[in-house]
Every structure is written in structure tokens, then in C-alpha cells.
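Topology and contacts: notes
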Amino acid sequence: MNSYFDKEVLITGGLGFIGSCLARRLVALGAKVTLVDSLIPQYGGNFFNIADIVDKVSVNVCDVRDPYAMAYLVQGKDYLFNLAGQTSHMDSMSDPQTDLDINAAAQLAILEACRKSNPGIKIVFASTRQLYGKPDYLPVDEKHPIRPVDVNGINKLAGEWYHLLYNNVYGIRACALRLTNTYGPGMRVKDARQTFLGIWVRLLIEGKPIRVFGDGLQLRDFNYVDDCVEALLLAGASDHANGKVYNLGSSEVVGLKTLAELMVELGNELKMGGGYELIPFPPERKAIDIGDYYSDFSLITHELGWQPRIDLRVGLQRTMAYYQANHEHYWDNDQ
């Protein structure tokens, strides 16, 4: 991690969930951090996420779709952690053009800016396990067929492959991490646009039941945000990662009904109240549901030494306690 000391680092989506946690870690490592965020309400940027480091970072409020701003911002940077994106699968289906603009076209413009203004930069792109679609086998490794089930997956795939192309053709060092369900303090909890775990936390704090679609037997794996940040930093620091794609994931695999039961139990310990209920899949969600999913992350373990360290119970305890203490900054007053 000495790679980041006194280095210039740009984080797109820097006021969002993962970007702000990454910024906090980079500040601790001695990096000079610039955060870019559009602060468009539905995308999760929130100044409270950096309240403890606001005087130690530079913040530029602009949109990654602005090619002139991005061309200026990438100049002189040693690293770019490219985390900005439209994450809602449902929004991508109702407004595919915006998803295309943010997750594909803007990514190409950022890479062109790097090619023209800063070809020596190292880029880590936050991709998604959603690219795989409904798994043919489990756990899903990087050789699994790519078969997105929604517009978001297709556009994220384009963004990912632009990064790999610019690595392979133009020598701009870039790699991609396919994130699974990342959770923790700072995630969007106002609604389910970023992760369903967010709205589950909110419902418990409000004393309302978690709604689990279908029979609740769908399997998932989860990464606490600190583990995700560690993977991003390892990928950024390693030239062995250039041109590569890595899955993130967890050896803890849990059914959603079991997960809901665990969260209700933890909520009771925190005197939140709440419960859960099984409800039928809404048709629009059923159409893009992928069933069971969990990752084979052995490649990044073998090549970069990464493995998740925060177990699910501990991570959920930290997350729920954080929002119990700070919820007014995330959904009260329309934040």
C-alpha cells in the first residue's frame, strides 16, 4: 500500500458509498485525493459520507458525462478509481438512454481523456457480477459465459471492455473488478437503487417488515465495503492486474430468507423491531431475476492475495448500528 503515498488519486463517484470509503483509506495512506461526484439525488452521493475527511480531500461537483471537465480532472493523476455509475437495474430498464450515457458513453470519454492527456495513469474500473446473468454453474468464475439480463448489465459490460481495450491497444494500464453485493456504512438506504440490503436496513430501523421476494431461497454472497476497498487498492497497486478482470465474492453464501432472519435478529439486539415477510415477485423484477448467484474469487486471491476478512454478521452489525445512529443524513429530510 506504499504505492499510494503522496500520489495524486482521482475517484469518480467519490461522494458515494464505495468511493467515500476508498477515499478515507487513501487519505490514511497519505494520498492526495480528488473526489468527483455529480450529486444527482438518485445516484447516492452524500457529503455526510466524507464528513470526517472533508478537509483532507478535494471535491469537484461535476458529471462524468461532461467530457471537458473529465479531460481536465484526469491530468496529473497517478491513479483513477472509476466508480461512478448508474447502478439501478430497474432504472436501466425504464430509462435505458441515461444508463447508456453514464455506464458506457461516459466511460469511453474518460478513457479518451486519459489517452490524450495522461496515458501514464492507472485505472481500476468497478464492474459488476450482473454481467453474468443467470448462472450456468456455481460458483461463477471469470470464464463463465457473459449473458446480461438487463440494460444495466449490457452497458456495464461495454464500460468494462472499453477499459480492457484501452489497456490492450493504447497501453493505458487498466483492470476491472466485478463486484458482488457490497454493503456497509455509506450505502444508499433511501431505496433499493443501489442494493436491496439498503432498503432492508431502513425498513428495520423504521420498525417495518423486510419484504423478501419469492420463496426467499435464492442464494447470494456479500462483501463488506472495507473488503471491497482492499481489493480496489490491491488491483490499483499491481501491474500484474493490468488488462485483467477479477471477481469479488465471499465464502459465506446465504439464502435471502436466512439473511432476513439474521438481520431481524440483529435489529432486535439493537432494539429496532421489525420483521420480514415473503411476497410474490413483482413481474418487472421477476423478468430480470437471476436466481442463485455466488462467485468464485480464487483468481484474485491467487494473483493479488485478496480475500474477504469481515464476516457477514459482523459487517451487518456495524452497518445497522451506523444507520441507527446516522439515519437522518440518509433518508430523513430527503437526503
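Here we summarise the structure given alongside this text.

Analysis parameters
- Residues numbered from 1 in each chain as written.
- Predicted model: local features only at pLDDT ≥ 70, side-chain atom pairs only at ≥ 80, totals over all residues.
- Heavy atoms only, no water.
- Salt bridge = Lys/Arg side-chain N within 4 Å of Asp/Glu carboxyl O.
- Helix = DSSP H or I, 4+ residues; strand = E, 2+ residues; numbered from the N terminus.
- Buried < 20%, exposed > 50% of the residue type's maximum accessible area, 1.4 Å probe, protein only.
- Core = buried A, V, L, I, M, F, W, Y, C linked by side-chain atoms within 4.5 Å.
- Contact = heavy atoms within 4.5 Å.
- Right-handed = clockwise from strand over helix to strand, strands pointing away.
- Phe/Tyr/Trp six-rings, centres within 6.5 Å; stacked < 30°, edge-to-face > 60°.
- Lys NZ or Arg CZ within 6 Å of the ring centre and 35° of its normal.

Our focus in this paragraph is the pattern of salt bridges. Here the structure, examined in full by the defined rule, presents 14 salt bridges. Residue Asp-239 pairs with Arg-173 through a salt bridge whose shortest N-O separation is 3.0 Å. Here Asp-239, found in the loop between α7 (225–237) and β10 (245–247), pairs with Arg-173, found in the loop between α5 (151–170) and β6 (174–179); they are 66 residues apart in sequence, far enough to count as distant. For Arg-173, a relative accessible area of 27% gives the class partly exposed.

Buried together is how nonpolar side chains tend to be arranged in soluble globular proteins. Grouped together as the largest cluster of nonpolar side chains are 70 residues, with contacts concentrated most on Ile-11, Leu-26, Phe-81, Leu-177, Trp-200, Leu-259 and Met-263. If one sorts the elements of this core by residue count, α7 sits on top with eight residues. Look past the residues within four positions of Leu-177 in its chain and what remains in contact with it is Val-124, Phe-125, Ala-126, Ser-127, Thr-128, Ala-231, Leu-232, Ala-235, Tyr-246, Leu-248 and Ile-300. Of all hydrophobic cores here, the second largest spans 20 residues; its members include Ala-69, Val-74, Ala-84 and Tyr-166.

This paragraph deals with the pairing of strand β5 (residues 122–128). With seven of seven residues buried, β5 lies mostly within the body of the structure. Side chains Lys-122, Val-124, Ala-126 and Thr-128 project from β5 onto one buried face, and the interleaved Ile-123, Phe-125 and Ser-127 project onto a second face that is buried too. Chirality of the crossover, the property in question, places the unit of β5, α5 and β6 among those that are right-handed.

In total, this model carries 14 aromatic pairs according to the counting rule given. Where Tyr-132 meets Tyr-293, the ring centres are 6.3 Å apart and the plane angle is 20°; that geometry is what we call stacked. With Tyr-132 in the loop between β5 and α5 and Tyr-293 in the loop between α9 (283–286) and α10 (298–304), this pair connects stretches of sequence that are 161 residues apart. Its relative accessible area of 0% is what places Tyr-132 among the buried residues. Judged by relative accessible area, which is 0%, Tyr-293 ranks as buried. For the pair Tyr-166 and Tyr-170, a centre-to-centre distance of 4.8 Å together with 55° between the ring planes defines the contact as tilted. Of this pair, Tyr-166 and Tyr-170 both sit in helix α5, four residues apart, roughly one helical turn. Tyr-166 gets classed as buried once you look at its relative accessible area, which sits at 6%. Accessibility expressed as a relative area gives 42% for Tyr-170, which makes it partly exposed. One aromatic cluster is present, formed by Tyr-183, Phe-196, Trp-200, Phe-222 and Tyr-224 through successive ring pairs. Its guanidinium or amino end placed over the ring of Tyr-293, Arg-129 lies 5.3 Å from that ring's centre, counting from NZ or CZ.

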